[in-house]
Amino acid sequence: MILKKKTTCLLFTVLLASTAVNKGYAEGDEWRENMKYLQYSSRYFGPNAFPMPELRNGYLGTRWEVELRGEYHDSEGDRTKDVYARLFIPVAEGRAGVEVNCVIYEYYNMTGETVEERHAAGSYWDHGAHGDIIVSSFYQLVKSEKWADMMLEATLKTASGNRLVDARFTDAATYWFNVNIGRNLYKRPDGKFHLRIQGLAGFYCWMTNDMVHRQNDALIYAAGISGAFKNLTLNADIAGIYGYKNNGDRPLQLRTKLNYEYKKNILSFRYRHGMKDALYDTLSLAYIRCF
């Protein structure tokens, strides 16, 4: 089992590392003069440039998880498809954890109006784009059936994504911190059914191209409810980022997720509805293997 986990981790690392190469822009120096016009906010970039933190119930799992997900993002001026990968490693029997994830491949096609609005070089790229590698660490602060579960998250998004030229990924570092809290409203004695409320609040910061204000600081927040019955789990929440510049940096999402687990195999279906500065509606289907 240990060898299997190490092999899985190695293969996942190689897969993510392969996305960090070939960052050159075909358009090269001709486009670089337009970089100063880019708006570094969720409204004027692709759907994966400013990831929204997950609402995680307030507690950590004790199993390794490897996820592969396909997503379709739809907005009035952009159709995007991507493949996403994630690896979660529990530490100290679930008292801490590390997660690595990345959009391995993103294919996009924007309208001319969207290209002009975002000051992009083109509407699509034959070879697609790859996303930023995101590394998260988690720490269980409190775990209490009687009161509540509380967990701290610290995350760094690297600048490994490409196609800044088409306003797909920012080519700039981002980080965020938040506290997840969750509490059971009801739990059946046999553990086969529960109803739970959860929320998070924290700080979100990213680098920009503004020579005066080099970074944008924001609040992050989410609140939701989840229920589980036997092998099915349903989550619904509303989450947002509230930037101080008000330049398209205040996205809001209504998110739902349905999971079905069978013998450590999970099928996960998600739907996210974008509001305010989140322009995309997203459908996704994932396979998760637990160890």
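Residues numbered from 1 in each chain as written. Predicted model: local features only at pLDDT ≥ 70, side-chain atom pairs only at ≥ 80, totals over all residues. Heavy atoms only, no water.

Visitor: Could you give an account of the overall build of the protein chain, naming the residues involved and the relevant values?
Guide: Within the protein chain one finds three helices and 12 strands. Taken across its 291 residues, the protein chain has 49% of its residues classed as buried. Counting contacts in the protein chain only where the partners sit at least 6 residues apart, residues at least 24 apart contribute 61% of the total. Working note: accessible area of the protein chain is about 14500 Å², and carbon and sulfur atoms make up 61% of it. (Helix = DSSP H or I, 4+ residues; strand = E, 2+ residues; numbered from the N terminus. Buried < 20%, exposed > 50% of the residue type's maximum accessible area, 1.4 Å probe, protein only. Contact = heavy atoms within 4.5 Å. Areas by Shrake-Rupley, 256 points an atom, 1.4 Å probe, with all protein chains shown as cover.)

Visitor: Tell me about the confidence of the model for the protein chain, and name the residues and values.
Guide: Across the protein chain, the average pLDDT comes to 90, with 89% of residues at or above 70. Counted against residues more than four places away or in other chains, residues 17–27, with its pLDDT under 50, gives 28 contacts. (pLDDT = per-residue confidence, 0-100.)

Visitor: A description of the side chain of Asn-57 should follow, citing residues and the corresponding values.
Guide: Residue position: Asn-57 is located in the loop between helix H2 (29–32) and strand E1 (65–75). Exposure remark for Asn-57: the relative accessible area of 18% places this residue in the buried category. A distance of 3.3 Å separates polar atoms of two side chains, one belonging to Asn-57 and the other to Gln-198. For Asn-57, the contacting residues outside a window of four places in its chain are Asp-149, Asn-180, Ile-181, Gly-182, Arg-196, Gln-198, Ser-226 and Asn-235. (Polar contact = N/O pair within 3.5 Å; in protein donor to acceptor, adjacent residues only side chain to side chain.)

Visitor: I'd love a proper account of the nonpolar core, names of residues and values included.
Guide: Tyr-40, Phe-45, Tyr-204, Trp-206 and Ile-241 are the most contacted members of the largest nonpolar core, which has 20 residues in total. For this core, the secondary-structure elements that each account for two or more residues are strand E7 (193–207), strand E8 (215–229) and strand E9 (232–243). When residues no more than four places from it in sequence are discounted, the contact partners of Phe-45 are Leu-38, Gln-39, Tyr-40, Phe-50, Arg-118, Leu-164, Ala-167, Arg-168, Phe-169, Thr-170 and Tyr-280. Of all hydrophobic cores here, the second largest spans six residues; its members include Tyr-108, Val-115, Ala-129 and Phe-169. (Core = buried A, V, L, I, M, F, W, Y, C linked by side-chain atoms within 4.5 Å.)

Visitor: Can you tell me about the pattern of salt bridges, naming the residues and giving the values?
Guide: Applying the stated criterion across every chain, the model contains 22 salt bridges. In this structure, Arg-56 and Glu-99 form a salt bridge, with 2.9 Å as the shortest nitrogen-oxygen distance. Residue Arg-56 is located in the loop between H2 and E1, and its partner Glu-99 is located in strand E3 (residues 96–110); the two are separated by 43 residues in the primary sequence. Comparing Arg-56 with Glu-99, the two get one shared label, buried. Of the charged contacts, one joins Arg-163 and Asp-166 as a salt bridge, the two residues approaching to 3.0 Å between their closest N and O atoms. Across the pair, Asp-166 and Arg-163 agree in class, each one buried. (Salt bridge = Lys/Arg side-chain N within 4 Å of Asp/Glu carboxyl O.)

Visitor: Go over the sheet that holds strand E6 (residues 174–187), please, and point to the residues and values.
Guide: Pairing in this closed barrel of 12 strands is antiparallel, and the strands run E1-E2-E3-E4-E5-E6-E7-E8-E9-E10-E11-E12 around the ring. The mean angle between the axes of side-by-side strands here comes to 20 degrees, regardless of whether they run parallel or antiparallel. Pairing between E8 and E9: 12 bridges, direction antiparallel. Directly across from Tyr-221, in E9, lies its bridge partner Gly-240. (Pairing = 2+ DSSP bridges. Axes fitted to C-alpha atoms, helices over the stretch in contact; angles between N-to-C directions.)

Visitor: Could you give an account of the pairing of E3, naming the residues involved and the relevant values?
Guide: Judged from the 14 bridges that link them, strand E2 (residues 78–91) and E3 form a sheet pairing that is antiparallel. Bridged to Asp-78 within E3 is Met-110. Linking E2 to E3, which pair antiparallel, is a turn of four residues; within it Ala-92 sits at a positive phi near 55 degrees. Where E3 meets strand E4 (residues 134–142), six bridges bridge the pair, whose relative direction is antiparallel. Each bridged residue has a counterpart across the sheet, and for Val-98 the counterpart in E4 is Ser-137.

Visitor: Tell me about the layout of surface pockets, and please be specific about residues and values.
Guide: Here the second largest pocket defines a volume of roughly 160 Å³. A per-element tally of the lining of the second largest pocket places helix H3 (residues 112–118) first, with three residues. Here the residues of the lining of the second largest pocket sort into one nonpolar, three polar and five charged. (1 Å grid on protein atoms, 1.4 Å probe; cavity = no way out; pocket = protein on both sides within 12 Å on 5 of 7 lines; lining within 4 Å. Points joined across faces, edges and corners; volume = space filled by probe spheres on them. Nonpolar A, V, L, I, M, F, W, Y, C, P; charged D, E, K, R; others polar.)

Visitor: I'd like a description of the environment of Gln-253, backed by residues and values.
Guide: Within the element layout of this structure, Gln-253 appears in strand E10 (residues 251–262). Residue classification places Gln-253 among the buried residues on the basis of a relative accessible area of 14%. Along the primary structure Gln-253 and Ile-238 are separated by 15 residues, whereas in three dimensions their C-alpha atoms are 5.7 Å apart. Beyond its immediate stretch of four places on either side in the chain, Gln-253 contacts Met-52, Asp-237, Ile-238, Ala-239, Arg-272, His-273, Met-275 and Ala-278.

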